[in-house]
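Take a look at the letters that make up each chain.
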Amino acid sequence: MIDATILAACLQSREAYERIAAFVDPAEFSPQGAVWWPLIADWYKRDPNAKSVDVQMLRDRGKRQVDPKHHKTVIGWYDDLPSEVSGVNVADELLTLRRQQRGLELAGALQSEGDAAKLDDMLQDYRDLLLASDLRKSEVRKATWDNTFHVLADANKVKLYPRVLNSRLNGGAVLGDLLVIFGRPNAGKSAFALNLACGVARDGQEVVYITNEEAVEKTWMRMACNFCNKPESRIKEVPDKAREFADSKGMRNIHAYHMTPGSLPEIEQILNEHPKAVMLVVDQLRHLDGKGKSMNSKLEENATGLRNLVGKKQLVGVVVTQAGQHDPSSPPPLYLDMSDIDNSRTGLPGAADVIIGVGVDDKMKQHGTRAISLPKIKGGSDRNFTVQFYEETSRIV
């Protein structure tokens, strides 16, 4: 891509400039382009509210700074810049090219087993390009009476499973809601998310299910057990029959993927392939890639990103995360509250519309039950209750 197009886009659009500024290397510009790039940067720095650059004023500013003997070359080059370009498309194209270039460089460096510190820098650069490439456009929707009644009508809410959740949440989840499921290891939080996804799929609605913890084949088998209401051993005895039955009950509506570790732009790319999906499940949030240097900052960054993503795509988001350590001198609480969320007391809870805690003790495991708490709900009632948990089939009722 020629630098003239880049500079023209940045003259016309601050959004284009801000998206690509970190990834532009003026050393790659022509001598003329290298003159004008810092002037554009200075323009936006001086005026934080500027949406574009005054072309004539910048020309005058440049003319004063350039050696008169170079006026014809430098000013002539500026005058020949394209007058109409699409800032969004230019930024997209530049970021795509940069990402492809960095990807090839990174692949070569990995094969050569180069310096570890340099590899870390290259990985971070590539991650930054991924994040810059997507989730950049704000979705703006004006409220109307008709749309409000349509969106909030019980018939248009996404029904949740187990069904007892719907009575607690005023009839179900609204498109754009983000649900956080958390619990301690082996409490059944992943099974809770899986059962929820299977229930939505049974209703004939599509679900994108992302796992970055267990192998997706294990998740797929647990889903088959849920749909067939049979343990894995029975599924394996009649695989063809089980597949046909599960698909007939709605399993064909689930699109399951494994990511290692996964990132928000990669998740959005998958969602683009399934435009009819009404639910996104991510198990687990803590494993997603991100810029945050601490687990707390990474959780908050990804929770906010997912919140924006489900709002943009107008679907229900479900994320799974951990509960924190408890005082070993006392038994862990069965009914969890927001203070029990691991590593994030404000950012992650703040991004969620609904928080679902899954608690268990030895007695409940013996009886096949789980303690469910709703420490954060907007409206609704009866925040603590128990459910029946069928481990062999990953069913919760």
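(A) Layout of the environment of His150. Structurally, the position occupied by His150 is in helix α8 (residues 145-152). Judged by its relative accessible area of 47%, His150 is partly exposed.

(B) Expanded view of the sheet that holds strand β3 (residues 254-258). Taken in spatial order, the 9 strands line up as β3-β2-β4-β5-β1-β6-β7-β8-β9 in an open sheet, and their pairing is mixed. Because the sheet does not close on itself, it has two edges, and the strands there are β3 and β9 (395-396). In terms of strand pairing, strand β7 (residues 369-376) meets strand β8 (residues 384-390) through 5 bridges, oriented antiparallel. Considered in β8, the bridge of Arg370 is made with Val387. In the packing of helix α15 (residues 295-313) onto the sheet, contacts are made with β1 (178-183), β4 (277-283) and β5 (316-322), and the angle to β5 comes to roughly 165 degrees.

(C) Spatial organisation of helix α11 (residues 216-228). If you check α11, its first and last C-alpha atoms are 18 Å apart, about what 13 residues at 1.5 Å a residue would give, namely 18 Å. Residues of α11 that are buried: Val216, Thr219, Met223, Ala224, Cys225, Asn226, Phe227 and Cys228. Residues of α11 that are buried make contact with α10 (189-202), β2 (206-211), α12 (232-237), α13 (239-248), β3 and β9.

(D) Seen up close, unusual backbone geometry. In this model, Tyr161 is joined to Pro162 through a cis peptide bond whose omega is 10 degrees. Mapped onto the secondary structure, Pro162 falls in the loop between α8 and α9 (164-168). The linkage connecting Asp283 with the following residue, Gln284, adopts the cis geometry, with an omega of 15 degrees. Within the secondary structure, Gln284 sits in the loop between β4 and α15.

(E) Region of the structure containing the pairing of β2. For β2, a buried count of 5 out of 6 residues is recorded, marking the element as mostly surrounded by other parts of the structure. Bridge count for β2 against β4 is 6 bridges, and the pairing is parallel. Looking across to β4, one finds that Ile210 is bridged to Val282. Bridge count for β2 against β3 is 5 bridges, and the pairing is parallel. Across the sheet, Val208 pairs through a bridge with His255, a residue of β3.

(F) Region of interest: the side chain of Thr393. Along the chain, Thr393 turns up in the loop between β8 and β9. Judged by its relative accessible area of 8%, Thr393 is buried. Those residues in contact with Thr393 that lie beyond four places of it in its chain are Arg222, Cys225, Asn226, Asn229, Lys230 and Pro231.

(G) Local environment of the layout of surface pockets. What the second largest pocket holds in volume is close to 370 Å³. Forming the boundary of the second largest pocket are 16 residues, of which Asn186, Ala187, Gly188, Arg222 and Glu391 lie nearest the centre. For the lining of the second largest pocket, the element with the most residues is α10, which contributes 3 residues. Considering only residue class, the lining of the second largest pocket consists of 4 nonpolar, 6 polar and 6 charged.

(H) Highlighting the nonpolar core. Counting residues in each nonpolar core, the largest one holds 48 residues, and the members touching the most others are Leu179, Met279 and Ile356. The element best represented in this core is α10, accounting for 9 residues. If we skip the residues at most four places from it in the chain, Met279 touches Val158, Leu160, Leu196, Ala197, Val200, Glu206, Val207, Val208, Leu315, Val316 and Val318. Tyr17, Val24, Tyr44 and Val66 belong to the second-largest nonpolar core, a separate cluster that totals 31 residues.

(I) Examining the pairing of β7 more closely. Buried residues dominate β7, accounting for 8 of its 8 residues. As paired strands, strand β6 (residues 354-359) and β7 are joined by 4 bridges and run antiparallel to one another. Bridged to Gly357 within β7 is Ser373.

(J) Geometry of the pattern of salt bridges. For the structure shown, the criterion picks out 15 salt bridges. Here Asp92 ties to Arg19 by a salt bridge, and the two come within 2.9 Å at their closest N and O atoms. On the criterion of sequence distance, the pair formed by Asp92 in helix α6 (residues 87-112) and Arg19 in helix α2 (residues 14-20) is long-range, its members being 73 residues apart. Judged by its relative accessible area of 19%, Asp92 falls in the buried class. The partner of Asp340 in a salt bridge is Arg184, and the shortest N-O contact between them spans 3.7 Å. A residue pair is termed long-range when its members are at least 10 positions apart, and Asp340 in the loop between β5 and α16 (347-351) and Arg184 in the loop between β1 and α10 qualify at 156 residues. When its relative accessible area of 14% is taken as the criterion, Asp340 is described as buried. Each of Asp42, Arg46 and Arg61 takes part in salt bridges that share partners, so that together they form one network.

Conventions and cut-offs
Residues numbered from 1 in each chain as written. Predicted model: local features only at pLDDT ≥ 70, side-chain atom pairs only at ≥ 80, totals over all residues. Heavy atoms only, no water. Helix = DSSP H or I, 4+ residues; strand = E, 2+ residues; numbered from the N terminus. Buried < 20%, exposed > 50% of the residue type's maximum accessible area, 1.4 Å probe, protein only. Pairing = 2+ DSSP bridges. Contact = heavy atoms within 4.5 Å. Axes fitted to C-alpha atoms, helices over the stretch in contact; angles between N-to-C directions. Expected span 1.5 Å × (residues − 1). 1 Å grid on protein atoms, 1.4 Å probe; cavity = no way out; pocket = protein on both sides within 12 Å on 5 of 7 lines; lining within 4 Å. Points joined across faces, edges and corners; volume = space filled by probe spheres on them. Nonpolar A, V, L, I, M, F, W, Y, C, P; charged D, E, K, R; others polar. Core = buried A, V, L, I, M, F, W, Y, C linked by side-chain atoms within 4.5 Å. Salt bridge = Lys/Arg side-chain N within 4 Å of Asp/Glu carboxyl O.

Geometric values such as these leave the question of function open.
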